[in-house]
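Notes for the structure review
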Amino acid sequence: MRIALDAMGGDFGVQPNIDGAITALKDNPDLHVTLVGDLSSIGPLVAKSGYPIDRLHLHASEGYVEMGEKPIEALRQKPN
């Protein structure tokens, strides 16, 4: 199974999303996870985790909606 995970979403920042993805990968050997988000934020955390990237992939997003942004304004300013 392959899933994509918005690594930037969540109330507690990026780290819990990465930790959850790694836990899921350890529990399910048939799982592949693609973390989507700002590579400068998620890349170092994934590297620091030491988890091999054979089933954990990174995909750059073209921006993301921050917690304080109003959704409609973010959609207009960041259409991608």
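Residues numbered from 1 in each chain as written. Predicted model: local features only at pLDDT ≥ 70, side-chain atom pairs only at ≥ 80, totals over all residues. Heavy atoms only, no water.

Considering the overall build of the chain
Of regular secondary structure, the chain possesses three helices and three strands. What you see in the chain, going N to C, is helices and strands ordered as β-α-β-α-β-α. Dimensions of the chain along its principal axes, counting C-alpha atoms only, are 40 × 25 × 20 Å. Sequence-distant contacts, at least 24 apart, represent 54% of the contacts inside the chain between residues at least 6 apart. In the form shown here, the chain has an accessible surface area of approximately 5500 Å², with 56% of it arising from carbon and sulfur atoms. (Helix = DSSP H or I, 4+ residues; strand = E, 2+ residues; numbered from the N terminus. Contact = heavy atoms within 4.5 Å. Areas by Shrake-Rupley, 256 points an atom, 1.4 Å probe, with all protein chains shown as cover.)

Regarding the sheet that holds strand β2 (residues 32-37)
Taken in spatial order, the three strands of this open sheet run β1-β2-β3, and their pairing is parallel. Each having just a single partner strand, β1 (2-6) and β3 (56-60) make up the two edges of the open sheet. For this sheet, the mean inter-axis angle between neighbouring strands, taken without regard to orientation, is 25°. With five bridges joining them, β2 and β3 adopt parallel strand pairing. Within β3, the residue paired with valine 33 across the bridge is leucine 56. Packing against the sheet, helix α1 (residues 15-27) makes contact with β1, β2 and β3, and its axis sits at approximately 170° to β2. (Pairing = 2+ DSSP bridges. Axes fitted to C-alpha atoms, helices over the stretch in contact; angles between N-to-C directions.)

A look at the side chain of asparagine 17
Looking at the element boundaries, asparagine 17 is found in helix α1. On the basis of relative accessibility, which here comes to 16%, the residue asparagine 17 falls in the buried class. (Buried < 20%, exposed > 50% of the residue type's maximum accessible area, 1.4 Å probe, protein only.)

Describing the pattern of salt bridges
Scanning all chains against the criterion turns up one salt bridge. Glutamate 69 is the salt-bridge partner of lysine 78, the closest N and O atoms lying 2.9 Å from each other. On the basis of relative accessible area, lysine 78 is assigned to the partly exposed category, the value being 26%. (Salt bridge = Lys/Arg side-chain N within 4 Å of Asp/Glu carboxyl O.)

Some thoughts on the confidence of the model for the chain
Model confidence for the chain is summarised by a mean pLDDT of 90, while 100% of its residues fall at 70 or above. The spread of mean pLDDT over the elements of the chain runs between helix α3 (residues 71-77), the lowest at 86, and β2, the highest at 96. (pLDDT = per-residue confidence, 0-100.)

Considering the side chain of arginine 55
Relative to the assigned elements, arginine 55 resides in the loop between α2 (39-49) and β3. For the buried residue arginine 55, which engages in no salt bridge, the nearest side chain bearing the opposite charge is aspartate 54, 4.6 Å off. Looking at arginine 55, its side chain comes within polar contact range of the main-chain oxygen of proline 29, at 3.2 Å. A polar side-chain atom of arginine 55 sits 2.9 Å from the main-chain carbonyl oxygen of leucine 31. In contact with arginine 55, other than residues within four places in its own chain, are Leu25, Lys26, Asn28, Pro29, Asp30, Leu31, His32 and Val33. (Lys, Arg positive; Asp, Glu negative; His and termini not counted. Polar contact = N/O pair within 3.5 Å; in protein donor to acceptor, adjacent residues only side chain to side chain.)

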